[in-house]
Amino acid sequence: MLDSGVPLQPTTSVRDADLANAIRALAMDAVEAAKSGHPGMPMGMAEIAVALWTRHLRHNPAHPHWADRDRFMLSNGHGSMLQYALLHLSGYDLPIDELQRFRQLGSRTPGHPEVGVTPGVETTTGPLGQGLANGVGMALAERLLAAAFNRPGHSIVDHYTYVFAGDGCMMEGISHEACSLAGALGLGKLIVLYDDNGISIDGPTSGWFTDDTPKRFEAYGWHVLAHVDGHDVEAVAASIAAAKADGDRPTLICCKTIIGKGAPNKAGTADTHGAALGEREVAATRAALGWNHPPFSIPQSIRDAWSAVARGSADEQSWSTRFARYTAAFPDLAAEFVRRMEGRLPADFAAVATQFVAAQAQKAETVATRKASQQAIGAYAARLPEMIGGSADLTGSVFTNWSGSTVVTAKAPGNYVNYGVREFAMAAIANGLALHGGFIPYVGTFLTFSDYMRNAVRMAALMKLRAIYVFTHDSIGLGEDGPTHQSIEHAASLRLIPQLDVWRPCDTVETAVAWAHALERSDGPSALLFTRQNVAFAKREPAAAADIARGGYVLADFGDVRDARRAVIIATGSEVPLALGAREALAQDGVAVRVVSMPCTAAFDRQDAAYRRAVLPHGVPRLAVEAGTTDGWRKYVGAVDDPTAGVVGIDRYGESAPAPTLFKHFGFTVEHVAQAVRDLVATGPVQ
Ligand SMILES: Cc1ncc(C[n+]2csc(CCOP(=O)(O)OP(=O)(O)O)c2C)c(N)n1
Ligand SMILES: [Mg+2]
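Glancing now at the overall build of the protein. The number of helices and strands found in the protein is 28 helices and 20 strands. Taken over the C-alpha trace, the protein has a radius of gyration of 28 Å; the compact-globule value for 687 residues is 26 Å, and the two agree within 12%. With the principal axes as the frame, the protein shows a C-alpha extent of 95 × 60 × 45 Å. By residue count, 61% of the 687 residues in the protein fall in the buried class. Of the contacts formed within the protein by residues at least 6 apart in sequence, a portion of 77% connects residues at least 24 apart. Where the 60 positive side-chain charges of the protein centre and where its 71 negative ones centre are 3 Å apart.

Attention now goes to the site of ligand 1. Close to ligand 1 lie 15 residues; His78, Gly126, Gly168, Asn197 and His273 are nearest. In the environment of ligand 1, a nitrogen atom lies 3.1 Å from a nitrogen or oxygen atom belonging to the backbone of Leu128. Between ligand 1 and the protein, one listed contact pairs an oxygen atom with a side-chain N or O atom of Asn197 at 2.7 Å. The set of elements that each furnish at least two residues to the shell around ligand 1 consists of α7 (167-171) and β4 (199-200). Residue composition of the shell around ligand 1, grouped by class: six nonpolar, seven polar and two charged.

Of the protein atoms, only Asp167 (OD), Asn197 (OD1) and Ile199 (O) coordinate the magnesium ion (ligand 2), at distances of 2.1 to 2.2 Å. Each donor residue of the magnesium ion (ligand 2) belongs to the same chain, with the gaps between them written as D-x29-N-x1-I. One end of the pair, Asp167, is in helix α7; the other, Ile199, is in strand β4, and 32 residues separate them in sequence. When sorted by exposure, Asp167 lands in the same class as Ile199, which is buried.

Let us look at the pairing of strand β2 (residues 161-166). Across the six residues of β2, six count as buried, placing the element largely inside the fold. Pairing between strand β1 (residues 71-74) and β2: four bridges, direction parallel. Paired with Leu74 across the two strands is Phe164, which belongs to β2. One ladder, built from six bridges, connects β2 with strand β3 (residues 190-196); its direction is parallel. Paired with Ala165 across the two strands is Tyr194, which belongs to β3.

This next bit is on the sheet that holds β1. As summarised here, the arrangement of the five strands in space is β1-β2-β3-β7-β6, forming an open sheet in which the pairing is parallel. In the strand order of this sheet, the two ends are held by β1 and β6 (223-229), each with one partner. Neighbour to neighbour, the strand axes of the sheet diverge by 15 degrees on average, direction disregarded. Along the sheet face, helix α3 (residues 46-55) touches β1, β2, β3 and β7 (251-256) and points at about 175 degrees away from the line of β2. Sitting on the sheet, helix α10 (residues 233-245) is in contact with β2, β3, β6 and β7, with an inclination near 175 degrees to β6.

Attention now goes to the pattern of salt bridges. Summed over the entire model, instances satisfying the criterion amount to 35 salt bridges. Its salt-bridge partner being Glu142, residue Lys189 comes within 2.8 Å of it at the nearest N-O pair. Of this pair, Lys189 sits in the loop between α8 (173-185) and β3 while Glu142 sits in helix α6 (residues 130-149); the two residues are 47 residues apart in sequence, bridging distant segments of the chain. Judged by its relative accessible area of 23%, Lys189 falls in the partly exposed class.

The biggest cluster of nonpolar side chains holds 86 residues, and the ones touching the most others in it are Tyr380, Trp515, Ile570 and Phe668. Ranked by residue count, the leading element in this core is helix α21 (residues 508-520), at eight residues. With sequence-adjacent residues up to four places away left out, Phe668 is seen in contact with Ile476, Glu575, Leu578, Val625, Glu626, Ala627, Val648, Gly649, Ile650 and Phe663. Counting residues in hydrophobic clusters, the runner-up holds 79 residues, among them Ala165, Val192, Trp319 and Met459.

Bringing α10 into the picture now. For α10, spanning 13 residues, the distance from its first C-alpha to its last is 18 Å, which sits close to the expected 18 Å at 1.5 Å a residue. Every buried residue belonging to α10 is among Val233, Val236, Ala237, Ser239, Ile240 and Ala243, and all of these are buried. Within α10, the buried residues cover an arc of 155 degrees as seen down the axis, which keeps them to one side. Residues of α10 that are buried make contact with α1 (16-34), α3, β2, β3, β6 and β7. Where α10 starts, the residue carrying a side-chain oxygen 3.0 Å from the main-chain nitrogen of Glu234 turns out to be Asp232.

Right, let's talk about the sheet that holds strand β9 (residues 387-391) for a bit. The sheet built from six strands is open, its strands ordered β10-β9-β11-β12-β14-β13 with parallel pairing. Here the strands that pair on one side only, and so sit at the sheet edges, are β10 (416-418) and β13 (501-503). Shown here is a sheet whose adjacent strand axes are inclined to one another by a mean of 20 degrees, direction ignored. Pairing of β13 with strand β14 (residues 526-529), which is carried by three bridges, proceeds in the parallel orientation.

Another point: the environment of Glu510. If you trace the backbone, Glu510 turns up in helix α21. Under the relative-accessibility criterion, Glu510 is labelled buried at 0%. Here the alpha-carbon distance between Glu510 and Gly551, two residues 41 residues apart in the chain, equals 9.7 Å. Discounting chain neighbours no more than four positions away, the residues touching Glu510 are Arg504, Pro505, Arg540, Ile548, Tyr553, Ser597 and Pro599. Reaching out from Glu510, the side chain makes a polar contact with the side chain of Ser597 at a distance of 2.6 Å.

Moving on to unusual backbone geometry. Across residues other than glycine, the phi torsion is negative in most instances, and most of the peptide bonds are trans. We note that Arg103 has phi near 70 degrees; this positive angle belongs to a residue other than glycine. On the secondary structure map, Arg103 appears in the loop between α5 (96-100) and α6. With a relative accessible area of 23%, Arg103 lands in the partly exposed category. Despite not being glycine, Lys464 has its phi angle at roughly 60 degrees, a positive value. Mapped onto the fold, Lys464 is located in the loop between α19 (450-462) and β12 (468-472).

Turning our eyes to something else, we now look at the pairing of strand β18 (residues 591-597). The element β18 is largely enclosed, with a buried count of seven among its seven residues. Of the two faces of β18, the one holding Val591, Val593, Val595 and Ser597 and the one holding Ala592, Arg594 and Val596 are both buried throughout. Strand direction decides the pairing type here: strand β16 (residues 553-556) and β18, joined by three bridges, are antiparallel. Looking across to β18, one finds that Val554 is bridged to Val596. The β-α-β motif built from strand β17 (residues 565-571), the intervening helix α23 (residues 576-588) and the parallel element β18 has right-handed crossover chirality.

Spanning 12 residues, helix α14 (residues 331-342) covers 17 Å between terminal C-alpha atoms, matching the ideal 16 Å at 1.5 Å per step. Of the positions making up α14, those classed as buried are Leu333, Ala334, Phe337, Arg339 and Arg340. Against the buried residues of α14 lie α6 and α13 (309-329). Directly after α14, the chain includes Gly343, whose backbone phi takes a positive value near 75 degrees.

The tally for this structure, following the rule as stated, stands at 21 aromatic pairs. Where Tyr326 meets Phe330, the ring centres are 5.4 Å apart and the plane angle is 50 degrees; that geometry is what we call tilted. Judged by its relative accessible area of 0%, Tyr326 falls in the buried class. Plain terms: the ring middles of Phe356 and Tyr380 are 5.4 Å apart, the flat faces sit at 75 degrees to each other, and that makes the pair edge-to-face. Separated by 24 residues along the polypeptide, Phe356 in helix α15 (residues 349-363) and Tyr380 in helix α16 (residues 369-381) bring together distant segments of the chain. Exposure class is identical for Phe356 and Tyr380. Each is buried. Each residue in the set Phe149, Trp319, Phe323, Tyr326, Phe330 and Phe337 is aromatic and connected to the rest through ring pairs, giving one cluster. Note that Arg340 overlies the ring of Phe439, its terminal NZ or CZ placed 5.1 Å from the centroid.

Rules used in this analysis
Residues numbered from 1 in each chain as written. Chains lettered and ligands numbered in written order. Predicted model: local features only at pLDDT ≥ 70, side-chain atom pairs only at ≥ 80, totals over all residues. Heavy atoms only, no water. Helix = DSSP H or I, 4+ residues; strand = E, 2+ residues; numbered from the N terminus. Rg over C-alpha atoms; globule rule 2.2 N^0.38 Å. Buried < 20%, exposed > 50% of the residue type's maximum accessible area, 1.4 Å probe, protein only. Contact = heavy atoms within 4.5 Å. Lys, Arg positive; Asp, Glu negative; His and termini not counted. Charge placed at Lys NZ, Arg CZ, Asp CG, Glu CD. Near = heavy atom within 4 Å. Polar contact = N/O pair within 3.5 Å; in protein donor to acceptor, adjacent residues only side chain to side chain. Nonpolar A, V, L, I, M, F, W, Y, C, P; charged D, E, K, R; others polar. Donors = N, O, S within 2.8 Å, 3.2 Å for Na, K, Ca; no water. Pairing = 2+ DSSP bridges. Axes fitted to C-alpha atoms, helices over the stretch in contact; angles between N-to-C directions. Salt bridge = Lys/Arg side-chain N within 4 Å of Asp/Glu carboxyl O. Core = buried A, V, L, I, M, F, W, Y, C linked by side-chain atoms within 4.5 Å. Expected span 1.5 Å × (residues − 1). Arc of directions from axis to C-beta. Right-handed = clockwise from strand over helix to strand, strands pointing away. Phe/Tyr/Trp six-rings, centres within 6.5 Å; stacked < 30°, edge-to-face > 60°. Lys NZ or Arg CZ within 6 Å of the ring centre and 35° of its normal.

Here's what the structure looks like:
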């Protein structure tokens, strides 16, 4: 294995018990200081943490972003003090005063671990089960990156992914989705340590969680090490060694533990789960453990034994030496590896995108926007090997594949994942792929099933990950499948997620721009909403095309209508052609209409006030048209009691019928839109 030669086993006389008790003390004292937090899990997993962090984990506290470090994730994120204690003790830039400010405003020790806030935290956890799914994504990333970059005699990608998980993670459905896929893909370098303490918030889990977890994971095709004593450091360390020896299957190590171990009166009870132990129990715990040090005071000998600084630096150095040899042998590959890990697009990508957008404008094709999306994927993925696609068993409908797609299997690498019908895990695995580095994940399903993925989408936004969601069949326009499949509130509700860009493009050109924007963006995820049905190509001037990326722009202006009263129609996606049609119809009546296409409200909101004012002038009646809930559009058109503000939308569920019938039924016709404008203009003040 990739060994620097520095022994992992601590050579000092400090006992494992002292190492574990240092975690216990920091956890209970920090929770006590905050009067808030979860001491039970860190106290119960302390020996497991000692086994992993002092015997196996390869990481460099001085350089948390070293590319080939092992990844560690705390899926049971409520035990955040365990991770903060480990980071502090092993030598990360997380001084003791940060632990003293646990859970306080502006500290680097937030309530649950957050990537980007605390050095060494690899993913944001807290919503149970998702860290586990992130781990599946990380292990998949390692596998695929190794296949792409390693060469005989040159192993530059070769690390493990370790996950701590609790009963809550195992109960959550996403653990089934993610671990089932991990088994099918044979992710042998994924090692999960399960904190099997039989306790969750409501008490002993025997009343509501009686699965045979080892058998469950064996059925997934995992390597399972059952009945390990989670308080025996040697036993856990040996299990991890056995897990590493099985390269073909992910491993679950079921560690029997006692929650809150060390607390004489509360250990083994749910009382330790999520509340400070209290002064008396803390004192009793100190006495029981023989831990006679004041709060936040760790003896130097124990600090020295915990420190991973020398070992980590040596490990990274040994990797750097190997990477230097690799660079000499394969300079282009090495540069590409660095580029991908830094998340930089190739220098010519902007030109590729500009050219593709221009070509789509030239072709002026009328297609379904899901088809336009597939064309964009083909154009961009050909230049971006970091794009890793996939869908939740709807590839033939959502068109997330392209001519260069090769499917990932247990035996072969590729750039396309058949996630199966597992939307939530798909999104959380995508987060893991993005977090690992080296990949831009994009995943697809029907827009209405975005609800299944929602919290992972939210986590991607919170973590500012470059993940891309292809959500097709975006309205009643999908037709006969009916209301279960027809999105009504989904576009509006996705737009509520901060840092998520939601695009609903109207044609091939807007689709090409939306995709480019999603790929170029490095500070958050993007949801791309596409139609099942064809949408007429919208001709536009080059100046208008240049403004698409601003999220909202003038597609067709007021024009020359004699004696005109004026109105603005804002539309998105498949409703843009209706707006254009209404504009023509209204010109006959002496109403001059500007059509504003608004594919991305978030991007529009980021424009300066002058631009926004220029696109949506004050004092002109406004109508928004979108086949979805109306509330969100009030922000752009005006309040419900404003007679010059209107929305043509749908505030009820859809119906089963052919799409043209439904559009008519719900008022999405040129005539109805035109009439809505006439009503606004008639009731509005004379301009
Ligand atoms: C998705 C989700 N639902 C609910 C919670 C609230 N919650 C936090 S911890 C917990 C119980 C977890 O039990 P377990 O994993 O066994 O943790 P332990 O008490 O053993 O530390 C719950 C319900 C959450 N964090 N995430
Ligand atoms: Mg538990």
